[in-house]
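Each chain, written out:
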Amino acid sequence: MRTHILATAAAAAALLAIPGVSSAQTNVTVSTSVTNFCGIGLANVAGGNVAVANGARQKVTTLRMSCNSATGANLTSSAQNGDFKSAGGVLINYDWDLVVPEIPSLGFAPVDTWPGSPAIVTNSGGYSQKLADGIFADLFLNLCYNVPGGAGVGGTQGDPSNPGSSGCAASPSGPGAASAPAGTYTEVFTFALNPA
């Protein structure tokens, strides 16, 4: 009997020497939310000044656009004056176009503007992963340097003496750039990108 007790005590001592095994559990819960966002900004300014003398289509700036929206995006492009305008109110007509290689439907072909001309609204045509990641758009201007001043209110009459222009029409109240008085002429372009 005594031997049995000693054996039991030895077995208990052996059990105490083995490290205890325990189990553990850790839960990590991660959640995320996706919201509509649209952003637009200048990626590059090719030139703050547009050369009048050469009268050719000129790249002015590159925009970077991104929009994560299930319905796609609308781009609203507007020109403040509709013509380049001097401090004295003299206008120089131009046409403008926007080239968006990744999503051409967001761009527009050369078109004339005039004071009070409506904004141009283009659409991405639905969701695009490329647009969500960010794409580029190039703004081009073409000063209508051979178009004389006239009483028109804009239009799409091309200037055959200027092959780069397909949207120049007679300026509403100013000369063409070739005969404009010396000075500084400015125009303000605004671009707004929103979920469609």
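Residues numbered from 1 in each chain as written. Predicted model: local features only at pLDDT ≥ 70, side-chain atom pairs only at ≥ 80, totals over all residues. Heavy atoms only, no water.

Colleague: So what about the overall build of the protein chain? Which residues, and what values?
Modeller: Looking only at helices and strands, one finds 2 helices and 11 strands in the protein chain. For the protein chain, the N- to C-terminal ordering of α and β elements is α-β-β-β-β-β-β-β-β-α-β-β-β. Nonlocal contacts in the protein chain, meaning residues at least 24 apart in sequence, comprise 71% of its contacts between residues at least 6 apart. As displayed, the protein chain has an accessible area near 11100 Å², and 59% of this comes from carbon and sulfur atoms. (Helix = DSSP H or I, 4+ residues; strand = E, 2+ residues; numbered from the N terminus. Contact = heavy atoms within 4.5 Å. Areas by Shrake-Rupley, 256 points an atom, 1.4 Å probe, with all protein chains shown as cover.)

Colleague: Run through the state of the cysteines, naming residues and quoting values.
Modeller: Tallied over the full model, the rule gives 1 disulfide. A disulfide bridge connects Cys38 with Cys67, and the sulfur atoms are separated by 1.9 Å. Within this pair, whereas Cys38 is found in strand E1 (residues 37–45), its partner Cys67 is found in strand E2 (residues 58–68), the two being separated by 29 residues in sequence. A residue is classified by how much of its surface remains accessible, and Cys67, at 3% relative accessible area, is buried. (Disulfide = S-S within 2.5 Å. Buried < 20%, exposed > 50% of the residue type's maximum accessible area, 1.4 Å probe, protein only.)

Colleague: Hey, could you go over the pattern of salt bridges for me, with residue numbers and the actual values?
Modeller: Under the definition given, this model contains 2 salt bridges. Two residues, Asp138 and Lys59, come together in a salt bridge whose shortest N-O distance is 3.4 Å. Linking Asp138 in strand E9 (residues 135–143) with Lys59 in strand E2, this pair joins segments that are 79 residues apart in sequence. Among the residues examined, Lys59 registers a relative accessible area of 38% and is labelled partly exposed. (Salt bridge = Lys/Arg side-chain N within 4 Å of Asp/Glu carboxyl O.)

Colleague: Describe the packing of aromatic side chains, and please don't skip the residues or the numbers.
Modeller: Applying the stated rule across the entire model yields 5 aromatic pairs. Residues Tyr94 and Phe189 carry aromatic rings whose centres are separated by 5.8 Å and whose planes lie at 80 degrees to one another, so their mutual orientation is edge-to-face. Separated by 95 residues along the polypeptide, Tyr94 in strand E6 (residues 94–99) and Phe189 in strand E11 (residues 189–195) bring together distant segments of the chain. No difference in accessibility class separates Tyr94 from Phe189, as the two residues are buried. With a centroid separation of 5.0 Å and an interplanar angle of 65 degrees, the aromatic rings of Trp96 and Phe108 are classed as edge-to-face. Here Phe108 lies in strand E7 (residues 108–112) and Trp96 lies in strand E6, a separation of 12 residues in the sequence. Its relative accessible area of 11% is what places Phe108 among the buried residues. Ring pairs connect the aromatic residues Phe84, Tyr94, Trp96, Phe108, Phe189 and Phe191, which therefore count as one cluster. (Phe/Tyr/Trp six-rings, centres within 6.5 Å; stacked < 30°, edge-to-face > 60°.)

Colleague: Hey, could you go over the side chain of Asp138 for me, with residue numbers and the actual values?
Modeller: Relative accessible area serves as the criterion here: at 16%, Asp138 is assigned to the buried category. Within the structure, the side chain of Asp138 is placed 2.7 Å from the side chain of Thr62, a separation counted as a polar contact. Not counting residues within four places of it along the chain, the set of residues in contact with Asp138 comprises Lys59, Thr61, Thr62, Asp97, Leu98 and Val99. (Polar contact = N/O pair within 3.5 Å; in protein donor to acceptor, adjacent residues only side chain to side chain.)

Colleague: Just give me the short version of the nonpolar core, but keep the residues and values in it.
Modeller: Ranked by internal contacts, the top residues of the largest apolar core, which has 27 residues, are Met65, Trp96 and Leu98. Those elements that provide at least two residues to this core are E2, strand E3 (73–79), E6, E9 and E11. Residues in contact with Leu98, not counting those within four places in the same chain, are Leu63, Leu75, Ser77, Leu106, Gly107, Phe108, Ala137, Asp138, Leu139 and Phe191. (Core = buried A, V, L, I, M, F, W, Y, C linked by side-chain atoms within 4.5 Å.)

Colleague: Now, about the sheet that holds strand E10 (residues 185–186): what can you tell me, with residues and values included?
Modeller: Here 3 strands make up an open sheet; going across it, the order is E5-E4-E10 and the pairing antiparallel. Sheet topology places strand E5 (91–92) and E10 at the edges, where each strand pairs with a single neighbour. The pairing of strand E4 (residues 84–86) with E10 spans 2 bridges and is classified as antiparallel. When the sheet's bridge partners are listed, Ser86 is paired in E10 with Tyr185. (Pairing = 2+ DSSP bridges.)

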